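These are the residues of each chain, in order.
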Amino acid sequence: MGEVRRLMETEAGYDPGVWKQLGAELGLTAVAIPEAYGGQGYTFEELCIALQEAGRALLCAPYFATAALAATAILAAASESQKREWLPGIASGDTIATLALGEAGASWDASGVSLIARPVDGGFELEGTKTYVIDGHTADRIVVVARSAGSCGDAGITLFAVTGDAPGLSRRALSTVDTTRKQAELRFDGVRAEPLGEPGAGAAALARTLDRAAIALANESVGAAQRVLEMSVDYAKTRVQFGQPIGAFQAIKHKCADMLLDVELAKSSASYAAAAVVADDPEVPVLASMTKGLTSDAFRRAAADCIQIHGGIGFTWEHDAHLYFKRAKGSEVLLGDPTYHREILAQRLAV
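As the structure is a prediction and not an experimental result, all values here were calculated from the model.

Right, let's get into the side chain of Arg181. Here Arg181 lies in the loop between strand E6 (169-173) and strand E7 (183-196). Side-chain polar atoms of Arg181 contact the side chain of Glu220, separated by 2.5 Å. Among the polar contacts made by the side chain of Arg181, one reaches the side chain of Ser331 at a distance of 3.1 Å. With near-sequence residues (within four places) excluded, Arg181 lies in contact with Phe64, Ile134, Thr176, Leu217, Glu220, Arg327, Ser331 and Leu334.

Right, dumping it as structure tokens:
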């Protein structure tokens, strides 16, 4: 984890050389992008497998933002010509991209969008602020969710394409709990933007993007939770107290058993949801909220129990347990916390 600790202290939060390897050499940024747009032509399920491994390693790179957020949004909303313009750079790893949705005090859906898009001289200008934008301070391309002036709810929602160096755009890195995943605040002051698809008709594309992003994040969390479980069990086998490994004590056995149940249930849910996306199952919106809430809880509990099992050393900066706990807390609220998703789930099930 030495490289993770090094990168999390940098402003960019990633190594350009490693990012080039991920994209150009391993092709991981192209996994779920169709071959017609320079991608590998695999499915969302393969992307989720890669994300599980990224979560396991606490990957410090704009992979989730680029491959799971931005690419998914472009595929859902953009026209054919826009896909051919934007996606090849993402697929090759030459372009870092992200999705700008969150706003201060707002929910993670269309109803929380207040950033305004005003028609100007045959185009659009954006006014407002986005926050908690994953890798927003380093992104070359940004998909921005905005609404037409005077609209509310799902009406007037449009996804816009903006370059990272656009005039009127200011970006500020945020100080967050999880320093392994960088976030930023973006201010738009008359920023010219290109609508992806039909202006004012982006609510369905946004909902589709957010469901898939929630499932992608759930799979990343599962990979990290699995690693936390392995760390805990390994330590319980080797740490000796009162003449025997601490794993021999019933309290530790119970914690490890509960962690295993949580992780396996979360893994099954996340994998099933990813397969449902590939099958274009109509239950994907239900599965997205169910899986995001379930995996968030499982990862947070596992990370907390990992610290408890490690005892005093688990609380120290030198041990890696706190890095996973901070990632768990960050991922728990990203794209909506478990309470939010259970409310959405109840609404989608008409309970």
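Before going further, it helps to spend a moment on the packing of aromatic side chains. This model, assessed by the stated rule, comprises 2 aromatic pairs. With a centroid separation of 6.4 Å and an interplanar angle of 75 degrees, the aromatic rings of Phe242 and Phe249 are classed as edge-to-face. Look at Phe242 and you get exposed, because its relative accessible area is 72%. Its end group placed over the ring of Trp317, Arg5 keeps NZ or CZ at 5.8 Å from the ring centre. Positioned above the aromatic ring of Phe64 is the side chain of Arg181, whose terminal nitrogen or guanidinium carbon lies 5.3 Å from the ring centre.

With 80 residues, the main nonpolar core has Phe64, Leu126 and Ile215 as its most contacted residues. Residues within four places of Leu126 in sequence aside, it is in contact with Leu115, Ile116, Ala117, Val144, Ala146, Phe160, Val162, Phe188, Asp189, Gly190, Val191 and Ala193. Counting 27 residues, the second largest nonpolar core, distinct from the first, contains Cys60, Ala303, Ile307 and Ala321.

Mapping Asp178 onto the fold places it in the loop between E6 and E7. Taking relative accessible area as the criterion, Asp178 reaches 5% and is therefore assigned buried. A distance of 2.8 Å separates a polar atom in the side chain of Asp178 from a polar atom in the side chain of Arg327. If near-sequence neighbours (up to four positions away) are discounted, Asp178 is found in contact with Lys326 and Arg327.

Enumeration over the complete set of coordinates arrives at 20 salt bridges. When the shortest N-O distance is used, the salt bridge between Lys130 and Glu103 registers 2.7 Å. Within this pair, whereas Lys130 is found in strand E3 (residues 123-134), its partner Glu103 is found in the loop between strand E1 (97-100) and strand E2 (116-120), the two being separated by 27 residues in sequence. On the accessibility criterion, Lys130 (0% relative accessible area) is buried. We note a salt bridge from Glu220 to Arg181, for which the minimum N-O separation is 2.5 Å.

Structurally, the position occupied by Ala161 is in strand E5 (residues 157-163). A relative accessible area of 6% places Ala161 in the buried class. When the C-alpha positions of Ala161 and Ala225 are compared, they lie 34 Å apart, and in sequence the two are 64 residues distant.

As a further point, take the environment of Glu332. Relative to the helices and strands, Glu332 is located in helix H9 (residues 321-333). For the pair Glu332 and Ala218, spaced 114 residues apart in sequence, the C-alpha separation works out to 9.4 Å. Beyond its immediate stretch of four places on either side in the chain, Glu332 contacts Lys292, Ser296, Asp297, Arg300, Asp337 and Pro338.

This next bit is on the packing of helix H3 (residues 44-56) against helix H6 (residues 203-238). Pairs of packed helices are described in terms of their axes, by the angle between the two and the distance that separates them. Contact geometry for H3 and H6: axes closest at 7 Å, N-to-C directions at 40 degrees. As judged from the angle between their axes, H3 and H6 are oblique. In the packing of H3 onto H6, the handedness of the crossing is right-handed. The segment H3 lies against H6, with Phe44, Cys48, Leu51, Gln52, Gly55 and Arg56 engaging Arg212, Ile215, Ala216, Asn219, Glu220, Val222, Gly223, Ala224, Gln226, Arg227 and Glu230. Counted by class, the contact of H3 with H6 contains 7 nonpolar, 5 polar and 5 charged residues.

With that settled, the discussion passes to the pairing of strand E4 (residues 141-148). The side chains of a regular strand alternate, first on one face of the sheet and then on the other. Of all the 8 residues making up E4, 6 are buried; the element is thus mostly covered by neighbouring parts of the structure. In terms of strand pairing, E1 meets E4 through 4 bridges, oriented parallel. When the sheet's bridge partners are listed, Thr98 is paired in E4 with Ile142. As paired strands, E4 and E5 are joined by 7 bridges and run antiparallel to one another. By the bridge assignment, Val143 is partnered in E5 with Ala161.

Relative to E3, E2 is paired through 5 bridges, and the arrangement is antiparallel. Note on E3: the bridge partner recorded for Ile116 is Glu127. By the bridge criterion, 9 bridges tie E3 to E7 in an arrangement that is antiparallel. Counterpart to Leu126 in the pairing with E7 is Val191.

So, about unusual backbone geometry. Its identity is not glycine, yet Leu58 carries a phi of approximately 50 degrees, on the positive side. Mapped onto the secondary structure, Leu58 falls in the loop between H3 and helix H4 (63-77). Given the relative accessible area of 0%, Leu58 is considered buried. Not every positive phi belongs to a glycine, and Phe242 is a case in point at roughly 55 degrees. Relative to the elements of secondary structure, Phe242 occurs in the loop between strand E8 (240-241) and strand E9 (244-245).

Conventions and cut-offs
Residues numbered from 1 in each chain as written. Predicted model: local features only at pLDDT ≥ 70, side-chain atom pairs only at ≥ 80, totals over all residues. Heavy atoms only, no water. Helix = DSSP H or I, 4+ residues; strand = E, 2+ residues; numbered from the N terminus. Polar contact = N/O pair within 3.5 Å; in protein donor to acceptor, adjacent residues only side chain to side chain. Contact = heavy atoms within 4.5 Å. Phe/Tyr/Trp six-rings, centres within 6.5 Å; stacked < 30°, edge-to-face > 60°. Buried < 20%, exposed > 50% of the residue type's maximum accessible area, 1.4 Å probe, protein only. Lys NZ or Arg CZ within 6 Å of the ring centre and 35° of its normal. Core = buried A, V, L, I, M, F, W, Y, C linked by side-chain atoms within 4.5 Å. Salt bridge = Lys/Arg side-chain N within 4 Å of Asp/Glu carboxyl O. Axes fitted to C-alpha atoms, helices over the stretch in contact; angles between N-to-C directions. Parallel < 35°, antiparallel > 145°, perpendicular 65-115°, else oblique. Left-handed = near helix turned anticlockwise from the far one by under 90°. Nonpolar A, V, L, I, M, F, W, Y, C, P; charged D, E, K, R; others polar. Pairing = 2+ DSSP bridges.

Worth remembering: the numbers are spatial, not functional.
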